[in-house]
Structure formats: C-alpha cells, structure tokens
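# Observations on the three-dimensional arrangement
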Amino acid sequence: MLSDQNNAPNSATPGQESNPLNLDNLQDPSTLENLVFGKHPTALNNWEEDYVSEALQQQRVNGDNPLVGKKSNDLLEGSTSEDLIAGGLGDDVIFGFGGNDVLRGDRNSRSPGGAQGGNDLIFGGDGNDRIGGKGGNDILLGGSGDDHIWGDAGDDIIRGGLGNDRLVGDNFSGDRGNDIFVLANGEGTDTILDFRNGEDLIGLADGLTFEQLNIAQGTGNEAGNTLIENRETGERLAILNDVDSSTIGSDDFTTSISGDPDPNPDPGPDPDPDPEPDPNPDPEPDPNPDPGPDPDPDSGPDPDPDPGPDPDPDPGPDPDPDPEPDPDPDPEPDPDPDPEPDPDPDPEPDPDPDPEPDPDPDPEPDPDPDPEPDPDPDPEPDPDPDPEPDPDPDPEPDPDPDPEPDPDPDPEPDPDPDPEPDPDPDPEPDPDPDPEPDPDPDPEPDPDPDPDPEPDPNPDPEPDPNPSEPAVAVGDPGGVPKFTPNVSEAELIAMNAPSITIGTQTIYVGQQQVSSNNQNPIIASFDSSDPSNNWVRTDYETTAPDGRAYGLYWDGNDLYAAFSIVGTGGSPSQDFRRVSSDAETAWLRSYGRGGGPRVSVVGKIDPATGELLDAAYITAELTSGNSNSLNITNFSTNSQGNLVITANTASHPRRSNGEPVLIGGVRGYQVELTSDLNRVVSTSVDNE
C-alpha cells in the first residue's frame, strides 16, 4: 500500500468530526502508521463509518457469491453476513464488515509457484474472521472478534484488534518475511504462532510502552512459550509460541511501521516549557496586594527569583534547536543536489559523444574496407573460377566420369570441391556417394542443425513452469483444514488449505474426518487446463492413529508432501511403512517406540496421480526411548541435489545414525536426505 504520494493524513482532533479517509491518503505512510498504531483520529472500531469508497475498481459482495478482485488496485467491500473475498494481483483494500468472513489479499499467490501478489490493506471488522495476506507486504487488521490471521509471504504488519486472536506471520511461505505483530491494552490475548527473534518485531500501539511490560517464561500448559503481560494491570497481551523469554528484549519492540524501535522521544520536551513560562508567576504576584501590608521580605524574593529563572532558560533552548534543524537541513539537501546533477551531466554527454563517434568511425570504415574487398574478391572468384574450371576439367574427365557425375554433382560441388579435389578423390566418391547423400542430407541437415526448434518448443514450456521456481507450502499440522473427496477448489481456497501451484496445476493438503475420533491425510489436485491432473487421494494412511497432510514441496522435478502421524496401527500396507521399510537408514523406516506424540513423515508423490512413491519417518526421541514429536516447517534442495528438511522438536533431535542428542527444544533442526528418501546424509546436531 505504500507509494510515493505525499497526501497529508487527516488532522482532526479528538472530539471533532474527521474527514473521511480515502485511497489517496491511505497511500501516505504516516496515515498508515496512524491507522495501525492507533494514532489516527479515526478509531479502528469506527473505520466503517469514516471510510469512503472513492476508489478505482470498487466492488461489493452480491449475495452469497464470492467476490474476487482483478489485476488492478481494487476496493472490495463485504456485507454484514459471512463473505468470501479475494483480491487480485494489485494493491487492494478489503473490508469484511460484519460476519465471520474469509478475506484474502491475493487469489492463490502464497506459494512461490503462483503469481506475485500486491501490497494489500485488509480490515476484518466484526466477527471471527480468517484473513490471509498471501503475496506482498500487507497490513492486516482483524477488528473485533476472535480472528485467525496469516501474513504469508512478504513483510507484513498484523494487528488482531479486539478478541483473542491467532496470528501467523509466514505460514505457507517457508519462513520468508520480517513481520510486525501489533499489541495494545484492552484488546485480548493474541497467540503468535511463529515469532522469529531477530527477524520479526512486536508493535506497541495506543501508548503502550516497553517499560509497562512484564515478559516471562510460561509454566504448565504454557511451558516453552513466552508470556507478555501489562505489569501494572496483569492483563495478558500475547503468547509467543516456542520462544524462550530470555531472548526477548527492548530491541524486539517498535512503535512504527518502519520497525524503528525508539521513534517517540520528541513529545517530552515540547509541552513542558510552554505551560510554565506562558502563565508566568507575574499575574499571581501582581493582583496580590498582600506583600504591601505584610513584611517586605516575603514579597521581595517571591516575584524576583521565581519568574527570573523559569522564563529565561526554558523557552531559550526549546525554540532555538527544534525549529532550526527541522526546516534547514531537510529542504536544503533535497532541491540542491537533485536538480543540479540531473540537467548538467545528462544532456551534456548525450549530444556530444553520441553524434561525434557515430559519423566519424562508422562511415570511415564502411566505405574503405567494404567496397574494396567486395569488388575484388567477390566478382573475381565468381566469374573467374566458375567458367575456368568448367571448360578445363570437363573436357579432360568427360570421356571417363563426366557423363555420370556431370548432371548430379557439377551444379552442387563444382563451386566448392571440384577445382581442387576433383582430380584426385572426387571422381571416385562423387558418382557413388555424392548423388545419394547430397540430395538427402543437404535438406535434412539444414533442418537438423535446427534440432533447436524441436527441443525448444517441447522442453521450454514444460520445464519453465515446473523447475523455474520451486514451490513450498507448510501449514500447522494441528490446524490444517478438514475436507472430503468431493470438495471443490473454491471451498479449499476459502479454507486457506496449504497449496502449491505447478504450472496450471494446484495441489491442496489437509485432513479427512473418517470417524468421530480419527482423521486421515487427504490431498487434492485441480488443473483447469489438463483435466487428467484432477485427482483426490485418501489412501496414504488409513489406520486408527490420527494422520494428516500439512505441507507440500515441488523442487522443480519431484513433489514431496509432509504428513503427521501419532502412532502405529494396522498393517504396513495401510500406512507409510509400505514404502519406507526399505530405507537404508534404520530410523527412517517407522514411527519407532511408543505412541501419542505427533511425528512427521516425508512422502514422495507422483504429481500426475497423487500416488505415494516413497516415504521416510522423521522423529525425535524421549529419554524413555519412545519417539518424540517433530513438526516440519520448511523444505529446500541443496547444491548436491539432496532434500533438506527444517523442523521444530520439543527435545532430543537425532544425529544421522539415529542417536538422540540430549538437548531441549530445538527450532530450525535440519535433516539432509537423499532425494529418494533412502538415507540420512547429515543432521544439524551431528557434532553436538
């Protein structure tokens, strides 16, 4: 939403009726900052009444139909009902208004395989909304209600607003983007699921300061999480999942959309000196006639020392330094350097060097070398050697080879091989091989040196959409959406199901509720251009322990999926063991001991059919020897062509040989696998 426009934000004071906002002043960074951090006179809770629809390409929801934007910059408005709104690829402004809405900044551009989305501004309004920014640097404001907000790719700013909200900065984008999560007093407890220290920031709005906060490590159910509370009121403002409180300090907080941590020391000195010297103690001692009849010492020292020191030092330093540095340096450097270098160097080098070197060197070498060699060698060899070798060699070889080779090779080989090679080798090979290969290979090799046209049209369209940009989408295994095999693609989009796009094919993952207490993984593929790519698979794991599909990775050649499973049940033919049992590294073959903790499974999938081709279990280990939970957060491929899995685990990640390392929770644990999922090459804790 940020641009180069300099429209000033509204300046209405509290209690006055503010002018309605419009798209023009929303482009201004200061207006956006006021809106996000609560400094604008138009409160977030009243934005519906103050916002006007002066936008290009304005659209409103019509009944229960989804509203989808275009490539332009759109203003998309919902209703008081439950709406499904998705922006196009422009910089869109979306209002949900009332109801439990699903609002998305871009259609399906969360993954690198899709088109890049715009920088969107989304207001959820009332209701428990699901808001996804998708591509671009988005500003996402939940409003009231218990909202679920995903920033996805880009540097996003997320404010949940009133209610207990769940905020995710980089879902489906492989941990890309530096995000700001905005908190304020009285807005409920926000749970931030993927705060990354050193990359993300926590914004403080509505006058909330770092000094008012109490940052502590959680206990009990919140063990492993960081709690942020108001130390004065005890209100819990936020929970940072899987974050150590000792790593959180003042440099992780900001009050600006730019991310600068200390933008507000200015208001302090300005208001203090003005009220003291303005009223001055002069009106107080003047109307008091008491000093006359009272003893003189009282009236003498009171008016003299009090007004003397107060008006002199306080107004002196305030007006002098503050106005002088602001107006002087800002306008002077802007107009002086910019216009001076632009007009002087640009026109001078353009007219001088360009016309001078063009007429001098270009015409001089053209007339001299070109006409001299052209008339001499070109006409000389053409008229001279062609008639000369024809009458000379033809009468001599005529009695023997001429009747056979003359009609066939003479027109073609005469200019090139006849004068020199004819007397020795040509008469024998010319009549035999030349007539046959000359007519055949000459037209064939001409299009054959163009094997380029054959591979160009075939591999270029196929590899371009596939290997040009690997695509990754990894969700939360505990929160992936539930759907059935007869689901539509529009429903999956509304559910925010993790997905990737390969060319014209889009693949979604989730869970299927098969009984009251059991879920199985499900993957669905849709392709509007190639119906053979439309498929749904539910046979990855069909046992009693819960299983889910929650991630996808396309490396340009192969498709991988991330599954979760909480134990072992049934036979190997009913779960991932049917293709993992032949792994060279033993701990990749099965869940391991115990049951209950959610471990991960990487599966290699045929993108044309969805069939499971190979699999590997990725687990950690408890001190008891039972398997411990591990969630995959990202996929990549290294320079050796090996698959690299990034994961979080509660404790005891494994070395390459399967031995656990006795350390606590690890974020960013990595396992390097061969691309066939057969062997562990290395792990990030091998040297621990």
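Residue numbering note: each chain is counted from 1, following its sequence as written. Where local features are concerned, this predicted model is filtered to residues with pLDDT of at least 70; where side-chain atom pairs are given and counted, the filter is 80 or more; whole-chain, interface and lining totals use all residues. Based on all heavy atoms of the structure, the side-chain values leave hydrogens and waters out of the count.

## Thoughts on the pattern of salt bridges
Basic side-chain nitrogens of Lys or Arg form a salt bridge, by our definition, when they fall within 4 Å of a carboxyl oxygen of Asp or Glu. For the coordinates displayed, the defined rule picks out 12 salt bridges. Residue Arg-236 pairs with Glu-229 through a salt bridge whose shortest N-O separation is 3.3 Å. Each residue is assigned to one of three classes by its accessible area relative to the maximum for its type, calculated with a 1.4 Å probe on protein chains only: buried under 20%, partly exposed between the two thresholds, exposed over 50%. What makes Arg-236 partly exposed here is its relative accessible area of 30%. The exposure class of Glu-229 is buried, given its relative accessible area of 18%. Among the salt bridges present, the one from Arg-577 reaches Asp-575, with a minimum N-O distance of 3.0 Å. Since its relative accessible area comes to 3%, Asp-575 is described here as buried. Three or more residues joined by partner-sharing salt bridges are found here, namely Arg-159, Glu-187 and Asp-206.

## Considerations on the sheet that holds strand 24 (residues 535–537)
The strands making up a sheet associate through hydrogen bonds between their backbones, and the pairing can be parallel or antiparallel. The strand order 21-22-23-24 describes an open sheet built from four strands, whose pairing is antiparallel. Strands with a single pairing partner mark the edges of an open sheet, and in this sheet they are strand 21 (499–502) and strand 24. Each strand of the sheet is rotated relative to its neighbour by a mean of 25°, with strand direction disregarded. Strands are labelled as partners when DSSP assigns at least two bridges between them. Each helix is a run of DSSP H or I of at least 4 residues and each strand a run of E of at least 2, with the numbering of both proceeding from the N terminus. Strand direction decides the pairing type here: strand 23 (residues 518–527) and strand 24, joined by three bridges, are antiparallel. Across the sheet, residue Ser-525 finds its bridge partner in strand 24, namely Trp-535. Axes here mean lines fitted to C-alpha atoms, for a helix over just the part in contact, with angles spanning 0 to 180 degrees between N-to-C directions.

## With respect to the packing of aromatic side chains
Classification of ring pairs rests on two measures: the distance between centres of Phe, Tyr or Trp rings, Trp counted by its six-membered ring, which must be within 6.5 Å, and the angle between planes, read as stacked under 30 degrees, edge-to-face over 60 and tilted in between. As enumerated under the stated definition, the model contains 10 aromatic pairs in all. Measuring from centroid to centroid gives 5.2 Å for Phe-210 and Phe-253, while their planes differ by 55°, and the two rings are tilted. Residue Phe-210 is located in the loop between strand 15 (201–204) and strand 16 (213–217), and its partner Phe-253 is located in strand 19 (residues 253–254); the two are separated by 43 residues in the primary sequence. Consider the rings of Tyr-508 and Phe-526, whose centres lie 6.1 Å apart with planes at 75°: the pair is edge-to-face. Of the two residues, Tyr-508 is situated in strand 22 (residues 505–515) and Phe-526 in strand 23; the sequence distance between them amounts to 18 residues. Each member of the pair, Tyr-508 as well as Phe-526, is classed as buried. The structure contains a cluster of three or more aromatic residues connected by ring pairs, namely Tyr-540, Phe-563, Phe-576 and Tyr-617.

## Digging into unusual backbone geometry
Despite not being glycine, Phe-97 has its phi angle at roughly 60°, a positive value. When you line up the elements, Phe-97 lands in the loop between strand 5 (93–95) and strand 6 (102–104). Despite not being glycine, Asp-242 has its phi angle at roughly 55°, a positive value. As for its placement among the helices and strands, Asp-242 is situated in the loop between strand 18 (236–240) and strand 19.

## Section: the side chain of Asn-648
By the element assignment, Asn-648 lies in strand 32 (residues 643–649). For Asn-648, a relative accessible area of 19% corresponds to the buried category. Any pair of nitrogen or oxygen atoms within 3.5 Å is treated as a polar contact; in protein, a donor-acceptor pairing is required on top of that, and neighbouring residues in sequence qualify only through side-chain atoms on both sides. At a separation of 3.2 Å, a polar atom in the side chain of Asn-648 contacts the main-chain amide nitrogen of Gly-668.

## Regarding the sheet that holds strand 28 (residues 612–618)
Judged by pairing direction, the sheet is antiparallel, and its five strands sit side by side in the order 20-25-26-27-28 without closing on themselves. Each edge of the open sheet is held by one strand with a lone partner, namely strand 20 (471–474) and strand 28. Ignoring strand direction, the axes of neighbouring strands in this sheet form an average angle of 25°. In the sheet, strand 27 (residues 599–605) pairs with strand 28 via six bridges, with the strands oriented antiparallel. Paired with Val-602 across the two strands is Ala-616, which belongs to strand 28.

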